[in-house]
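# Remarks on the overall topology
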Amino acid sequence: MIHNGIEFDTYFKNYPDENGYFGKYGGVYITPELKAAMEEITEAYFTICKSSKFISELRKIRKEFQGRPTPISYLERLSGKLGNVQIYVKREDLNHTGAHKLNHCMGEGLLAKYMGKKKIIAETGAGQHGVALATAAAYFGLECDIYMGAVDIKKQAPNVSRMKILGANVIEVTHGLATLKEAVDAAFEAYAKDYKNCIYCIGSVLGPHPFPMMVRDFQSVVGIEAREQFLSMTGELPDAVVACVGGGSNAMGMFSGFLNDPVDIYGVEPLGRGPALGDHAASLTYGTEGIMHGFNSIMLKDENGEAAPVYSVSSGLDYPSSGPEHAFLHDLGRVKYDVIDDDEAIDAFFTLAKLEGIIPALESAHAVAYAMKLAKTMSHGSILVNLSGRGDKDMDYVIEKYGIR
Ligand SMILES: *Cc1c(COP(=O)(O)O)cnc(C)c1O
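Residues numbered from 1 in each chain as written. Predicted model: local features only at pLDDT ≥ 70, side-chain atom pairs only at ≥ 80, totals over all residues. Heavy atoms only, no water.

## What to know about the overall build of the chain
In terms of helices and strands, the chain carries 16 helices and 16 strands. The C-alpha atoms of the chain give a radius of gyration of 20 Å, which matches the 22 Å a tight globule of 405 residues would have. C-alpha extents for the chain along the principal axes are approximately 60 × 45 × 45 Å. Each of the 405 residues in the chain was classed as buried or not, and the buried ones make up 59%. The contacts of the chain with a sequence gap of at least 6 include a subset with a gap of at least 24, amounting to 73%. As presented, the chain carries roughly 16,300 Å² of accessible surface, and 52% of it is formed by carbon and sulfur atoms. (Helix = DSSP H or I, 4+ residues; strand = E, 2+ residues; numbered from the N terminus. Rg over C-alpha atoms; globule rule 2.2 N^0.38 Å. Buried < 20%, exposed > 50% of the residue type's maximum accessible area, 1.4 Å probe, protein only. Contact = heavy atoms within 4.5 Å. Areas by Shrake-Rupley, 256 points an atom, 1.4 Å probe, with all protein chains shown as cover.)

Now the structure itself:
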C-alpha cells in the first residue's frame, strides 16, 4: 500500500534509517559517552534479532511465561448499545503482570543476557515500567536498579512494594521536584558511569536510537497476533484500529500489524482537563517539533522551549512528547491522532466494567472511549481496540475521586 508517497510494503526495511530517523524525527541526541553505549546496544540488537536462538527463546518466553497469545474478545453488549458497529478488544490486560509493557521488558532482559550485562537500570514514574522490568530482571537473574522520585515513591506504594518483592533496588531521587524528570537524569547518570556492566532500558518507543525501533519490534507481537486472530474470527480485517498513546509503545505494537492494510488507524491522546497548556498531555495534537530525552519528536513546550508540565488522570499517558515514529506517522497522515478527556475516559472505564466484565487501565479506557465515539459516526463495520492493561492499579483512585458510577 502507498500512502503519501511512502511504500508501506517495505516500510519496516526503511524506517528507521541507519541513523535512527523516521523522516526528520528520532536520532541520537546525547553525550558522546552515552552515544558509544547506544551504538553497542544497536549493534548487539541487529546481530541478536536475526539469531534463531534468540528468536526461539523469546517465543518460548512469550508462550510459557507471559501467557501469549492474549485473546481478542468481542464486546457484544457494548456493540449492541452503540448501534451497528462491532467492537473487539485485544486483551493485553491478560498478559502477565497485567499490561503490554512486559512484551518489551522481556525482550530487553533477553538482550541484556545475550550482551553479558549484569544489571538493568531504568527510571519509573507511576511504577508500571519499574514493575515490568523488575519482573524481567528476576526471570533472567539480573540485578535491577530502578530510579524513582521521592514524591512518586510516596504516591505509588503498591508498585514500590512489588518491585522490592521482585528483588529490585528502588533508588529514591530527592533533588528538584523529585518526580520523573529527576529520576530520568539520575538513572542516565548512573548508567553513564557503568555502561560496560549495565543496560539502560527505556519504557516506551522513546529515547535515543535504537530504543524507538527496538521497543516497537518487541511490541509488534501484539499487532501480528491481533491481525491473525481477527482474520480467523471474522474472515476480514477490522475497519479501524484504535490504541492510546502515551510514549506510544502499545499503539506502535498494534499499529505495526496494520500499517500496510486498508485499515483506518487512530492514536488517542489524553486531553485531561482541557486544551490549555498544563491541563493535558496531547503532544501530537498540540505540540511542535523539538528535542528532549535524546530524540527529536513533537513535544509540548513551555515559554522557554523546555518540556511543558503535563497532566492526565492516567499516569501512564502524561508524558510531554511521543515516540518519533508517531510524529512521523502523524505528519504522513497514515495514523490519525485525536483526544479523549478525563471524564470520557472515566465513563468508558465504568461502561466496560459494567457491560463486559473487564476493568480497563485508565490509559486503555481512553482508547475504549474513542472507539465508542467513533462507532457512533460509522453506519456499520468493526473496530479493534488495544486494551493495553487492566485497571486494578486504578480502582482505589477512581473510587476516591469519582465514586461508583
Ligand atoms: C504505560 C502504559 C501505557 C502508556 O504507554 P505507551 O508506551 O504509550 O503504550 C498505556 N497503557 C498501560 C496499561 C500502561 O501501563
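## Focus on the site of the ligand
As a matter of local geometry, the ligand sits amid 15 residues, with Lys101, Ser204, Gly248, Ser249 and Ser388 nearest to it. Between Gly246 and the ligand, the recorded distance is 2.8 Å, taken from a backbone N or O atom to an oxygen atom. Between the ligand and the protein, one listed contact pairs an oxygen atom with a backbone N or O atom of Gly247 at 3.2 Å. Starting from 380 Å² of accessible surface for the ligand in isolation, the protein chains cover 97%. By residue class, the composition of the shell around the ligand is three nonpolar, 10 polar and two charged. (Near = heavy atom within 4 Å. Polar contact = N/O pair within 3.5 Å; in protein donor to acceptor, adjacent residues only side chain to side chain. Nonpolar A, V, L, I, M, F, W, Y, C, P; charged D, E, K, R; others polar.)

## Here's the deal with the side chain of His209
Mapped onto the elements of the fold, His209 is located in the loop between strand E10 (198–200) and helix H10 (211–234). With near-sequence residues (within four places) excluded, His209 lies in contact with Pro16, Glu18, Asn19, Gly20, Gly27, Val28, Met38 and Thr42.

## Considerations on the nonpolar core
Counting residues in each nonpolar core, the largest one holds 95 residues, and the members touching the most others are Tyr11, Ile41, Leu111, Tyr191, Leu329 and Leu384. Broken down by element, this core gets its largest block of residues, nine residues, from H10. Once you skip the residues sitting within four places of it in the chain, Tyr11 turns out to touch Ile6, Phe22, Arg216, Leu259, Glu325, Phe328 and Leu329. One finds Leu352, Leu362, Leu374 and Tyr402 within the second-largest nonpolar core, a separate group that totals 38 residues. (Core = buried A, V, L, I, M, F, W, Y, C linked by side-chain atoms within 4.5 Å.)

## A look at helix H14 (residues 342–356)
For an α-helix, 3.6 residues make a turn, and residues three or four places apart therefore share a direction. A rise of 1.5 Å per residue sets the reference length of H14, with its 15 residues, at 21 Å; its end C-alpha atoms lie 21 Å apart and thus fit the reference within 8%. Turning to H14, its buried residues number three or more, namely Asp342, Ala345, Ile346, Ala348, Phe349, Phe350, Thr351, Leu352 and Leu355. Elements that come into contact with the buried residues of H14 comprise helix H4 (76–82), strand E12 (264–272), strand E15 (335–341), helix H15 (362–377), strand E16 (381–387) and helix H16 (395–402). The N-cap residue of H14 is Asp341: its side-chain oxygen and the backbone nitrogen of Asp343 are 3.2 Å apart. Just beyond H14, the residue with positive phi is Gly357, at close to 70 degrees. (Expected span 1.5 Å × (residues − 1).)

## Thoughts on the sheet that holds strand E7 (residues 119–123)
Strand order in the open sheet formed by four strands is E9-E8-E7-E10, with parallel pairing between adjacent strands. For this open sheet the edge positions go to strand E9 (169–173) and E10, each flanked by a neighbour on one side alone. On average, each strand axis in the sheet is tilted by 25 degrees relative to the strand beside it, whichever way the strands run. Across five bridges, strand E8 (residues 143–149) lies against E9 in parallel orientation. (Pairing = 2+ DSSP bridges. Axes fitted to C-alpha atoms, helices over the stretch in contact; angles between N-to-C directions.)

## Regarding the pattern of salt bridges
Within the structure shown, the criterion is met by 19 salt bridges. Linking Arg227 and Asp261 is a salt bridge whose minimum nitrogen-to-oxygen distance equals 2.7 Å. One end of the pair, Arg227, is in helix H10; the other, Asp261, is in the loop between helix H11 (249–256) and E12, and 34 residues separate them in sequence. Judged by relative accessible area, which is 28%, Arg227 ranks as partly exposed. What you see here is one network of salt bridges that share partners, running through Arg68, Lys90, Glu92 and Glu225. (Salt bridge = Lys/Arg side-chain N within 4 Å of Asp/Glu carboxyl O.)

## Some thoughts on helix H5 (residues 101–114)
The end-to-end C-alpha separation of H5 is 20 Å, in line with the 20 Å expected for 14 residues at 1.5 Å each. Of all the 14 residues making up H5, 11 are buried; the element is thus mostly covered by neighbouring parts of the structure. Along H5, the residues that are buried comprise Leu102, Asn103, His104, Cys105, Met106, Gly107, Glu108, Gly109, Leu110, Leu111 and Ala112. Looking at the residues trailing H5, positive phi occurs at Gly116, about 75 degrees.

## A look at the sheet that holds E15
Hydrogen bonds along the backbone pair up the strands of a sheet, which may run parallel or antiparallel. Taking strand neighbours across the sheet as the criterion, the six strands line up as E5-E6-E16-E11-E12-E15 in an open arrangement whose pairing is mixed. In the strand order of this sheet, the two ends are held by strand E5 (72–74) and E15, each with one partner. Between one strand axis and the next, the sheet turns through 25 degrees on average, direction left out of account. With three bridges joining them, E5 and strand E6 (residues 85–91) adopt antiparallel strand pairing. In the sheet register, Ile72 faces E6, and the bridge partner there is Lys90. The sheet contacts of H11 involve E6, strand E11 (240–244), E12, E15 and E16, and relative to E11 the element is tilted by about 165 degrees.

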